[in-house]
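# Tertiary structure, described
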Amino acid sequence: MKKLGMVCKIVLILAFLLPVTPVFQQRIDAWTGMPMGKLHVKGNQLVNNSGQPVVLSGWHQPSGAYWTYQNSNYYLKLNGNNRHAATLAYLKDITDTFTDTRPKYGSSHGWNMNQIRLFIDREDMGDVAAGSYNFAGLQAATQNVIIPYINYAKTKGIYVTIGLDFTLANDEATTQSNLDKFNQIWGYLASQSAIKSADNVMFELINEPIKSYANGHWGGYAGENDFLDHWNDLRRFQNSIISTIRSKGADNVIWAAGLGYNQFYSLTAKHPLTDPLNNYGYAVHWYPGYGAYDNKDILQSQWNSNIKAAAQAYPINMTEFTWFKTQPGDSEYWNLFNGSNDGFGKNTKSIFTAAGNVSMTAHMNGFLLEPGTRSSFADPTAGLKWDGNASRQAMARFLFDWYYERAQAYPRATLQNSESATADAPTDTSIDETTDIPTDETTDAPTEAPTNALSE
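Quick caveat: nothing in here was measured; it's all calculated off a predicted structure.

What counts and how
Residues numbered from 1 in each chain as written. Predicted model: local features only at pLDDT ≥ 70, side-chain atom pairs only at ≥ 80, totals over all residues. Heavy atoms only, no water. Helix = DSSP H or I, 4+ residues; strand = E, 2+ residues; numbered from the N terminus. Buried < 20%, exposed > 50% of the residue type's maximum accessible area, 1.4 Å probe, protein only. Contact = heavy atoms within 4.5 Å. Pairing = 2+ DSSP bridges. Right-handed = clockwise from strand over helix to strand, strands pointing away. pLDDT = per-residue confidence, 0-100. Salt bridge = Lys/Arg side-chain N within 4 Å of Asp/Glu carboxyl O. Core = buried A, V, L, I, M, F, W, Y, C linked by side-chain atoms within 4.5 Å. Axes fitted to C-alpha atoms, helices over the stretch in contact; angles between N-to-C directions.

Take the overall build of the chain next. Tallying secondary structure elements over the chain gives 11 helices and 13 strands in all. Across the 456 residues of the chain, 54% fall into the buried class. Nonlocal contacts in the chain, meaning residues at least 24 apart in sequence, comprise 76% of its contacts between residues at least 6 apart.

Moving on to the pairing of strand S6 (residues 159–164). With six of six residues buried, S6 is to be regarded as a mostly interior element. Residues Tyr 159, Thr 161 and Gly 163 line one face of S6 and the alternating positions Val 160, Ile 162 and Leu 164 line the opposite face, and both faces are buried. Pairing of strand S5 (residues 115–120) with S6, which is carried by six bridges, proceeds in the parallel orientation. The partner of Ile 120 across the bridge, within S6, is Leu 164. Where S6 lies against strand S7 (residues 201–204), three bridges are found, and the strand directions are parallel. Looking at S7, one finds that Ile 162 is bridged to Phe 203. Of the crossover connections in this fold, the one passing from S6 over helix H6 (residues 176–191) to the parallel S7 is right-handed.

A few words now on the confidence of the model for the chain. For the chain, mean pLDDT is 86; residues scoring 70 or higher make up 83% of the total. Taken together, the stretch residues 1–29 has pLDDT below 50 and engages in 25 contacts with residues farther than four places along the chain or on a different chain. Contacts for the low-pLDDT stretch residues 414–456, under 50 throughout, to residues beyond four places or in other chains number 100 contacts.

With that settled, consider the environment of Asp 387. With respect to the helices, strands and loops of the structure, Asp 387 is situated in the loop between strand S13 (358–362) and helix H11 (395–408). For the pair Asp 387 and Glu 370, spaced 17 residues apart in sequence, the C-alpha to C-alpha distance is 9.1 Å.

Looking now at the pattern of salt bridges. A full pass over the atoms with the stated rule returns 19 salt bridges. Among the salt bridges present, the one from Asp 100 reaches Arg 102, with a minimum N-O distance of 2.9 Å. You can call Asp 100 buried: its relative accessible area is 15%. Relative accessible area serves as the criterion here: at 59%, Arg 102 is assigned to the exposed category. Salt-bridge contacts for Lys 325 lead to Asp 294; the nearest nitrogen and oxygen are separated by 3.5 Å. Separated by 31 residues along the polypeptide, Lys 325 in the loop between strand S12 (316–321) and helix H10 (341–355) and Asp 294 in the loop between strand S11 (280–286) and helix H9 (296–313) bring together distant segments of the chain. What makes Lys 325 partly exposed here is its relative accessible area of 24%. Three or more residues are tied together by salt bridges with common partners; here these are Arg 83, Glu 123 and Asp 124.

Moving on to the nonpolar core. Counting 108 residues, the largest nonpolar core has Ile 162 and Leu 368 as the members making the most contacts within it. The element that contributes the greatest number of residues to this core is helix H5 (residues 135–155), accounting for eight residues. Beyond its immediate sequence surroundings of up to four residues, Leu 368 is in contact with Trp 59, Phe 98, Trp 111, Met 113, Ala 362, Gly 383, Leu 384, Lys 385, Met 395, Ala 396 and Leu 399. Ranked by size, the runner-up nonpolar core spans 13 residues in total, among them Leu 39, Val 41, Leu 46 and Val 253.

Let us look at the sheet that holds strand S2 (residues 45–47). Here three strands make up an open sheet; going across it, the order is S1-S2-S3 and the pairing antiparallel. Every interior strand has two partners, whereas the edge strands, strand S1 (40–42) and strand S3 (53–54), have only one. In this structure, S2 lies alongside S3, joined through two bridges in antiparallel fashion. Following the sheet pairing, Val 47 is matched in S3 by Pro 53.

Time to look at the sheet that holds S11. Here we have eight strands rolled up into a closed barrel, ordered S4-S5-S6-S7-S10-S11-S12-S13, and parallel in their pairing. For this sheet, the mean inter-axis angle between neighbouring strands, taken without regard to orientation, is 30°. Here H6 sits on the sheet in contact with S5, S6 and S7, set at roughly 155° to S6.

Pasting the structure below:
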């Protein structure tokens, strides 16, 4: 009996120690207790390997110099003036900030982000609408920035939704020329061993395919008499890309697009895409300037009319949203973001929470963090954007608190859940040996930024 009592004591001691001591010295990623494992679609939910529903909270981050360090030379100087290395260093720094749960900004908690919408930028892949598509540049960025970052992101509990800064001439998405390029890009990305079926990587097929072709004209706005025909054309277009991805053996979650500016999804459930794995949901954009601004009834109506049918059948990833009150002298473009915390913010929170299956990436880092010496766009060490500015009612602190709330409901790790501990991500990048990869180039500091700041 004495021996049995000693065993019981040891068991009790281990029960207290094990939750805070990773088993076999494996690291628990992101905030304490967050399971970091492969996700998949089940019904209208994104779920983990234990079948528990998951919603992700994060930020949209293009990879170009303008959207990272911008006019600051801090990262360039640290990395021999190599643009790709500087971008990667910035991405790591801002990820450290957004996954750090220690108290920040005068609050009792930190950030609790677990998703990045990482765009391969026009600076690397060219401007398709201008005829400067650059597949070799995209390959170089993938090997020198995207893949190393994916490996790093996994050590920080970050799911990476890869997207493309793919510009569409005259808003005409579904041309054969565009489809050929999309299939080339996604075929390449889906064949990379560090991306293909990676636990923390998802794909967003298209950014804002505004118009598709049907019945002799370009269209795609809800309310058009032949809206179904336009959706079917975009459906055909996306089915081709999905087929390309799956043909490479990649089982990553796919986020598909709707028409308009990622606005219209009412037909998606009755007219679904073709994915042999049924492992897809929809990427949606959500802005005050879509017509609701701070009006709760209009915003709810937009959800009910344009998105609800999709959300009842598929998980939703809100891959762009931003709000703040505009001020005299602001760019006219910023009217797209003209909403307040008390109006658009609280109404959005109510709608997304009620839906129960909405993941999010705020658009973008430059509306979350102030500029500073490390970046003239969004410095990883700076404070929250427009924090305390009552006239702006900007989203940064609102999201800072909301993301913390969402993290408390995130499925908790247990001793029985093997997802609670993950091995270190590999340090070597994996390169497809069948493809000629352009070598990285050393470049000078970025040239003058575009005049239409924070516009894509």
